Amino acid sequence: MTEPPAQKTYRIEDLAHHTHTTVRTIRAYQDKGLLPRPERQGRANLYSDAHLTRLHQITHLLARGYTLASIRELLDAWDTGRGLGGVLGLVTEVEGPWTDEEPTRITRTELNARFGGTPDEDAVAEAVELGVLEPLADDPDTFLVPSPQELSVAAELHAAGVPLSAISGHLRELRGQMEHIAARFLEFTAEYVFARYLDDPTHRTDAHAAEAASLVRRLRPLAQQTVDAELARAMRAFAVQHLRTRLGAEDPPESPARTRSIDLPAETISAVERLVGRAHTSTFIALAAEREVRARALDYLSSPTRSPSEVGEST
């Protein structure tokens, strides 16, 4: 019988070289429990291919935006047989494209032609800041367009007479509202669909992760379909109302109830949710604000420093 080949070993300097990291980083990973301790042979510490693989995994996860703490949890799952591969498959599914659009490239000359033929460096800078255009390091006269559809909408609006500054401002406002909708949809699906995968340790296997990834693929278009349907409904209602008002209709339809999005501290939202439940949070905040406004109005009206004439004018 032939003896099995000897396992390849590395000194810490060699391991750092092969993984494009540093000796200091490797030792830091060991201290944090991310990397197993090396085998001691005489006065030397020797690392194996297992250490090499583990370092590649850590680098891969860091590139995806994971923190060292979350990486340690994933690696612990791998070490206890709960399946890192399935988890990474789920991560890949979530981080994949959420649209069928294919990015394109556009030159500065083509861009100028689509927006009136006159260069506008301020508008280009604004588009770059918003991510509508992405500069290419190897070609300063060409941009990557992540969403050709979004750029086409901007071009059509500009051709219809809308200033570029107004289009940028509208996009900023719309983006904030859409991010709010996306966050709410994610909370909704996480609570009712993915909670069993995220909160139950027994569901963190390769098989369950693959099932969760399949759910992501099925649920991915639902948010867009819901937004499309609701946007069509609201646009029709508001467009009809606006047209009738402009044409002087005698009995224009009543204005649909409107809401406005405002930023509240996360701690405030969490406290209200604990008090009344998530389903009643918005109603509670609205009623509390209304009660405060009414209380201040009553205090103002009943103030002894106010004259009777002021009270009469306010009523």
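Residues numbered from 1 in each chain as written. Predicted model: local features only at pLDDT ≥ 70, side-chain atom pairs only at ≥ 80, totals over all residues. Heavy atoms only, no water.

### Re unusual backbone geometry
Thought 1: Even without being glycine, His20 reaches a positive phi, approximately 55 degrees.
Thought 2: As for its position among the elements, His20 is in the loop between helix H1 (12-18) and helix H2 (23-31).
Thought 3: With relative accessibility at 76%, the residue His20 sits in the exposed group. (Helix = DSSP H or I, 4+ residues; strand = E, 2+ residues; numbered from the N terminus. Buried < 20%, exposed > 50% of the residue type's maximum accessible area, 1.4 Å probe, protein only.)

### Here's the deal with the layout of surface pockets
Thought 1: Put simply, the second largest pocket is a space of about 170 Å³.
Thought 2: Taken together, Arg11, Ile12, Glu13, Arg27, Gln30, Arg37, Pro38, Arg40, Arg43, Ala44, Asn45 and Tyr47 make up the full set of residues lining the second largest pocket.
Thought 3: Elements supplying a minimum of two residues to the lining of the second largest pocket: H1, H2 and strand E3 (44-48).
Thought 4: When residues in the lining of the second largest pocket are grouped by element, the largest group, three residues, is from E3.
Thought 5: Among the residues forming the lining of the second largest pocket, the class breakdown is four nonpolar, two polar and six charged. (1 Å grid on protein atoms, 1.4 Å probe; cavity = no way out; pocket = protein on both sides within 12 Å on 5 of 7 lines; lining within 4 Å. Points joined across faces, edges and corners; volume = space filled by probe spheres on them. Nonpolar A, V, L, I, M, F, W, Y, C, P; charged D, E, K, R; others polar.)

### Looking at the sheet that holds strand E1 (residues 9-10)
Where strands meet in a sheet, backbone hydrogen bonds hold them as pairs that are either parallel or antiparallel.
Thought 1: Strand order in the open sheet made by the three strands is E1-E3-E2, with antiparallel pairing throughout. Here the strands that pair on one side only, and so sit at the sheet edges, are E1 and strand E2 (39-41).
Thought 2: Relative to E3, E1 runs antiparallel, the two being bridged by two bridges. For Thr9, the partnering residue across the bridge sits in E3 and is Ser48.
Thought 3: Against the sheet, helix H3 (residues 49-63) makes contact with E1 and E3, and its axis sits at roughly 65 degrees relative to E3, the strand it touches most. (Pairing = 2+ DSSP bridges. Contact = heavy atoms within 4.5 Å. Axes fitted to C-alpha atoms, helices over the stretch in contact; angles between N-to-C directions.)

### What to know about a nonpolar patch on the surface
Thought 1: Together, Leu174, Met178 and Ile181 make up a nonpolar patch on the protein surface, roughly 220 Å² of accessible area in all.
Thought 2: Mapping Met178 onto the fold places it in helix H9 (residues 164-199). (Patch = residues over 30% accessible without salt bridge, like charges linked within 9 Å, V, L, I, M, F, W, Y side chains within 5 Å. Areas by Shrake-Rupley, 256 points an atom, 1.4 Å probe, with all protein chains shown as cover. Salt bridge = Lys/Arg side-chain N within 4 Å of Asp/Glu carboxyl O.)

### Things to note about the sheet that holds strand E4 (residues 104-107)
Thought 1: Pairing is antiparallel in the open sheet, where three strands are placed in the order E4-E6-E5. The sheet is open, and its two edges are formed by E4 and strand E5 (134-136), each paired on a single side. Across this sheet, the average inter-strand angle for adjacent strands is 40 degrees, counted without regard to direction.
Thought 2: Two strands pair when backbone bridges link them, and E5 and strand E6 (residues 139-145) are joined in this way by three bridges, in the antiparallel orientation. Looking at the pairing, Pro135 lines up with Phe143 of E6.

### Points about the nonpolar core
Thought 1: Counting residues in hydrophobic clusters, the biggest one holds 16 residues, and the most contacted among them are Leu15 and Ile26.
Thought 2: Of all the secondary structure elements, the ones that give two or more residues to this core are H1, H2, H3 and helix H4 (68-79).
Thought 3: Here the element with the most residues in this core is H3; it accounts for four residues.
Thought 4: When sequence neighbours within four positions are dropped, the list of residues in contact with Leu15 reads Tyr10, Ile26, Tyr47, His51, Leu52 and Leu55.
Thought 5: Formed by 15 residues, the second largest nonpolar core is a distinct cluster that contains Val132, Leu151, Ala154 and Leu171. (Core = buried A, V, L, I, M, F, W, Y, C linked by side-chain atoms within 4.5 Å.)

### Re the environment of Asp122
Thought 1: When you line up the elements, Asp122 lands in helix H7 (residues 121-130).
Thought 2: Classification of Asp122 by relative accessible area gives exposed; the value is 66%.
Thought 3: Along the primary structure Asp122 and Leu164 are separated by 42 residues, whereas in three dimensions their C-alpha atoms are 9.5 Å apart.

### Let's talk about H2
An α-helix turns once per 3.6 residues; consequently, residues spaced three or four apart project the same way.
Thought 1: Within the span of H2, buried status applies to Ile26, Tyr29 and Gln30. End-on, the buried residues of H2 take up no more than an arc of 100 degrees, which puts them together on one face. Opposite the buried face of H2, by more than 90 degrees, sit the exposed residues Arg24 and Asp31.
Thought 2: Just past H2, the residue Gly33 takes up positive phi, approximately 80 degrees. (Arc of directions from axis to C-beta.)

### Considerations on the confidence of the model for the chain
Thought 1: The share of residues in the chain with pLDDT of 70 or more is 77%, and the mean pLDDT across the chain is 79.
Thought 2: Mean pLDDT values for the elements of the chain range from 49 in helix H13 (residues 308-314) up to 94 in E4.
Thought 3: Scored below 50 in pLDDT, residues 1-5 shows zero contacts in the model against residues more than four places distant or in partner chains.
Thought 4: Under a pLDDT of 50 for its full length, residues 311-315 has, in the predicted model, four contacts with residues more than four places off or in other chains. (pLDDT = per-residue confidence, 0-100.)

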